[in-house]
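Spelled out from the first residue to the last, the chains are:
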Amino acid sequence: MQTLILRNQVKSHLLNQIQNGKLQVGRTINLALLSRQLGVSVTPIREALSQLEQSRVICAVPNRGFVVTQLSRQEAKNIYETVAQLEIMAVEGSQYTDSDIEALRRQQIRLQQSHTPFKRLEARFDFHHILVRNCTNTVLLQILEDLKTRLLFYEQGYGNDASFYENVDNQNEAIIHAIAENNVPTAALILKMNWMVVLEYVEKQLTA
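What you see is a predicted model, and the numbers here were worked out from it, not measured in a lab. (Residues numbered from 1 in each chain as written. Predicted model: local features only at pLDDT ≥ 70, side-chain atom pairs only at ≥ 80, totals over all residues. Heavy atoms only, no water.)

S.K.: Any chance you could explain the packing of aromatic side chains here in plain terms?
M.R.: By convention here, two paired aromatic rings are described through the distance between centres and the angle between planes. According to the stated counting rule, one finds one aromatic pair in the structure shown. Seen from their ring centres, Tyr80 and Trp195 are 5.9 Å apart, and the 50° between their planes marks the pair as tilted. With a gap of 115 residues between them, Tyr80 in helix α4 (residues 73–92) and Trp195 in helix α9 (residues 184–207) connect regions that are remote in the sequence. Just as Tyr80 is buried, Trp195 falls in that class too. (Phe/Tyr/Trp six-rings, centres within 6.5 Å; stacked < 30°, edge-to-face > 60°. Helix = DSSP H or I, 4+ residues; strand = E, 2+ residues; numbered from the N terminus. Buried < 20%, exposed > 50% of the residue type's maximum accessible area, 1.4 Å probe, protein only.)

So, in structure tokens, the structure goes:
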């Protein structure tokens, strides 16, 4: 049990490093340094790294150890399209109360009022978390969480570009309206468009 707790602590630490931009693509993760910083043995660290490797956040490279995986247009396309389909499944399998709809509205306001790249990115992912949190398929939700961990790398650095959020904001509002009207098919359609808008933008940045 203690090893499990330590592993989750290490994983949370590394994910925070990703979100804060301190863990960059191509960087080698120093196990000994990480062990000293966190005050834990290398065993839970290796277990946490293995989980992140399964999520394709990092990869094992001979003679280098664990390295943050490079970005690619093909991977971005695959992940964004998969996340879109999984979220549609989650929305279609969810029941929304007035409280849920109000939570989505409040989160959308937080997103619009966020003024730093990290806060905007965090608020956008929180919006999607609220959108699918009522889904009872825990396996689906875990896969989504793992995939979105990787997406953090693709979306870092775009938060200062207003065009990155203009369409997203409009679509979020439309998703909330459709759910409030109990029109799940329309919400699902807009949700897919939402992720495809982000994918198109990310692909352009990778090409540039």
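Having seen it, we continue.
S.K.: I keep staring at the environment of Lys119 and nothing clicks. Help me out?
M.R.: Mapped onto the elements of the fold, Lys119 is located in helix α6 (residues 117–132). Expressed as a C-alpha distance, the spacing of Lys119 and Val40, which sit 79 residues apart in the sequence, is 30 Å.

S.K.: Would you mind going over the pairing of strand β1 (residues 58–61) with me for this structure?
M.R.: Each regular strand displays side chains that alternate between the two surfaces of the sheet. Looking at chain direction, β1 and strand β2 (residues 65–68) are connected through four bridges and run antiparallel. If you follow Ala60 over to β2, its bridge partner there is Phe66. Joining the antiparallel neighbours β1 and β2 is a turn of three residues, in which Asn63 adopts a positive phi near 70°. (Pairing = 2+ DSSP bridges.)

S.K.: Whenever I open this one, the packing of α6 against α9 confuses me. Can you help?
M.R.: When two helices pack together, their arrangement is given by the angle between the helix axes and by the axis-to-axis distance. Two elements in contact, α6 and α9, have axes whose closest approach is 14 Å; the angle formed by their N-to-C orientations is 155°. The orientation of α6 with respect to α9, classified from their angle, is roughly antiparallel. In the packing of α6 onto α9, the handedness of the crossing is left-handed. Packed against α6, whose contacting residues are Arg124, His128 and Leu131, the element α9 presents Leu191, Asn194, Trp195 and Val198 at the interface. Looking at the contact of α6 with α9, its residues break down into four nonpolar, two polar and one charged. (Axes fitted to C-alpha atoms, helices over the stretch in contact; angles between N-to-C directions. Parallel < 35°, antiparallel > 145°, perpendicular 65-115°, else oblique. Left-handed = near helix turned anticlockwise from the far one by under 90°. Contact = heavy atoms within 4.5 Å. Nonpolar A, V, L, I, M, F, W, Y, C, P; charged D, E, K, R; others polar.)

S.K.: In this structure, what is going on with unusual backbone geometry? I would like to understand it.
M.R.: Note: most peptide bonds trans; most residues except glycine with negative phi. A positive phi is found at Asn63, a non-glycine position, where the angle reads about 70°. Inspection of the secondary structure puts Asn63 in the loop between β1 and β2. Positive phi, close to 60°, is recorded for Asn182, a residue that is not glycine. By secondary structure assignment, the location of Asn182 is in the loop between α8 (163–180) and α9. Accessibility expressed as a relative area gives 65% for Asn182, which makes it exposed.

S.K.: Teacher, can you tell me more about the pattern of salt bridges here?
M.R.: Should their charged atoms come close, side chains of opposite charge can pair. Per the counting criterion, the structure on display carries eight salt bridges. Note that Glu75 is salt-bridged to Arg56, the shortest N-O span being 3.2 Å. Residue Glu75 is found in helix α4, and its partner Arg56 is found in the loop between α3 (42–54) and β1; the two are separated by 19 residues along the sequence. With a relative accessible area of 8%, Glu75 lands in the buried category. Here Glu155 ties to Arg124 by a salt bridge, and the two come within 2.4 Å at their closest N and O atoms. Here Glu155 is found in helix α7 (residues 138–155), whereas its partner Arg124 is found in helix α6, with 31 residues between them in sequence. (Salt bridge = Lys/Arg side-chain N within 4 Å of Asp/Glu carboxyl O.)

S.K.: Help me out: how do you make sense of the nonpolar core in this one?
M.R.: The nonpolar side chains of soluble globular proteins are, as a tendency, buried together. In this structure, Leu49, Ile58, Tyr80, Leu131 and Ile179 are the most contacted members of the largest nonpolar core, which totals 61 residues. In terms of residue count, the dominant contributor to this core is α4 (nine residues). Beyond its immediate chain neighbours, meaning those up to four positions away, Tyr80 contacts Leu151, Tyr154, Glu155, Trp195, Met196, Val198, Leu199 and Val202. (Core = buried A, V, L, I, M, F, W, Y, C linked by side-chain atoms within 4.5 Å.)

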